[in-house]
Amino acid sequence: MIWVWIAVIAAALFVIFLLLPALTIFLAVFSRKKTKPFEQYNMKKFKDHYYVTYIDRIAKKREFVKSHPVEEVFTKSYDGLRLAADYYDLGLSKTAIIFHGFNAEVYTNLSAHGAFLMKSGFNVLFVTHRAHGKSEGRWSTIGIREQNDVLSWVKWAENRGAEQILLYGVSMGGYTVASASDRLEGTNVRAMVIDSGFYSVYEQMKRDTQKNHIPKIMLPAQVMLAKLFLRADIRRPSVLSLKNTKTPAFFLHGTDDETVEYKWAQTNYQACASQKDIQLIEGAPHTLSILKDPETAEKRLTGFFEKYFT
């Protein structure tokens, strides 16, 4: 009888101290996101957030972007989800498709990039990832399923007349684009920009658990839960695709990025098999290289565009 009680107690402890916390983390990370503009956050709570310094500049970039006519558009994902995007058609033959970061509101995250790309001669398609905003989906897989959505949006842009396409991914969007990069042959994609992209979902979760003092045992639990519920391997690194890509790539990252270490930009750059370039922006925080040092970032990106777009 005592062994039965020991087994019951052990099972109870497993559920209380491992399974329930692991499920809580899993749901917090992978379930549908409710995003809102940064200005709607409690500024007292977020007064030390690195974005606060740049909010006025982001607002001006967003005002510029939204001064242009916009069309809300949709496409179907490979698994039947209705995915949403905002399309700014400037009547050009070149289109930039921009993919935002994890749990990010599109215009807060991407207005600076979009404004620059508009001024560089691109129509701009602001994609909303699955399980974010108006895009359908119960689960975000942080780039693993989303990489297939990249191909859906490329096809959409081609059907709308885009003769030359740039893929621009920021943070999670960078990982997403990098992970799709070995399947772009035969499309109108001329080049891609990986801005603040990470190496793998697993490595990013590992860094986040360390920063938040979460027990390491929660990581293998997340691997198991993602395989069980999402049929996704969160350990898959972006370099698996980059080492087989033929699409020219530019890697951009800030040296003060406390969210995604800039060493991953270097790792991805070294693995990339195509023509490539890299720029580290001194002192730039996560995803804001283009605002921290626009002179350097925009000059380097413009030079890159001139090589691959006509």
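Before reading further, recall that the structure is shown in the block above.
Definitions and cut-offs
- Residues numbered from 1 in each chain as written.
- Predicted model: local features only at pLDDT ≥ 70, side-chain atom pairs only at ≥ 80, totals over all residues.
- Heavy atoms only, no water.
- Helix = DSSP H or I, 4+ residues; strand = E, 2+ residues; numbered from the N terminus.
- Rg over C-alpha atoms; globule rule 2.2 N^0.38 Å.
- Areas by Shrake-Rupley, 256 points an atom, 1.4 Å probe, with all protein chains shown as cover.
- Buried < 20%, exposed > 50% of the residue type's maximum accessible area, 1.4 Å probe, protein only.
- Contact = heavy atoms within 4.5 Å.
- Pairing = 2+ DSSP bridges.
- Axes fitted to C-alpha atoms, helices over the stretch in contact; angles between N-to-C directions.

**Brief notes about the overall build of the chain**
Stage number 1. Scanning the chain from terminus to terminus reveals 11 helices and 8 strands.
Stage number 2. Against the globule reference of 19 Å for 310 residues, the chain gives a C-alpha radius of gyration of 20 Å, in line with a compact fold.
Stage number 3. Principal axes of the C-alpha set define a box for the chain whose edges measure 80 × 45 × 35 Å.
Stage number 4. Total accessible area on the chain stands at roughly 14600 Å², and carbon and sulfur atoms take up 55% of it.

**So, the environment of Pro248**
Stage number 1. Structurally, Pro248 can be placed in the loop between helix 8 (239–242) and strand 7 (249–254).
Stage number 2. Since its relative accessible area comes to 9%, Pro248 is described here as buried.
Stage number 3. C-alpha of Pro248 to C-alpha of Thr24: the two residues are 224 residues apart in sequence and 40 Å apart in space.
Stage number 4. Beyond its immediate stretch of four places on either side in the chain, Pro248 contacts Arg190, Ala191, Met192, Ser274, Gln275, Phe304 and Tyr308.

**Some thoughts on the side chain of Thr128**
Stage number 1. For Thr128, the location among the structural elements is in the loop between strand 4 (123–127) and helix 4 (146–159).
Stage number 2. Setting aside its immediate chain neighbours within four residues, Thr128 contacts Ala84, Ala85, His100, Val106, Gly133, Lys134 and Ser135.

**Details of the sheet that holds strand 1 (residues 71–76)**
Stage number 1. Pairing in this open sheet of 8 strands is mixed, and the strands run 1-2-4-3-5-6-7-8 from one edge to the other. The open sheet terminates on both sides in strands that have one partner only, identified here as strand 1 and strand 8 (276–281). Here the average twist between neighbouring strands, direction ignored, is 20°.
Stage number 2. Relative to strand 5 (residues 164–170), strand 3 (residues 94–99) runs parallel, the two sharing 6 bridges. Counted as the bridge partner of Ile98 is Tyr168 from strand 5.
Stage number 3. Sheet strands in contact with helix 4 are strand 1, strand 2 (82–88), strand 3, strand 4, strand 5 and strand 6 (189–195), and its direction is about 125° off that of strand 1.
Stage number 4. Against the sheet, helix 9 (residues 263–271) touches strand 7 and strand 8, its axis set at about 170° to strand 8.

No statement about biological role is implied by the geometric values presented.
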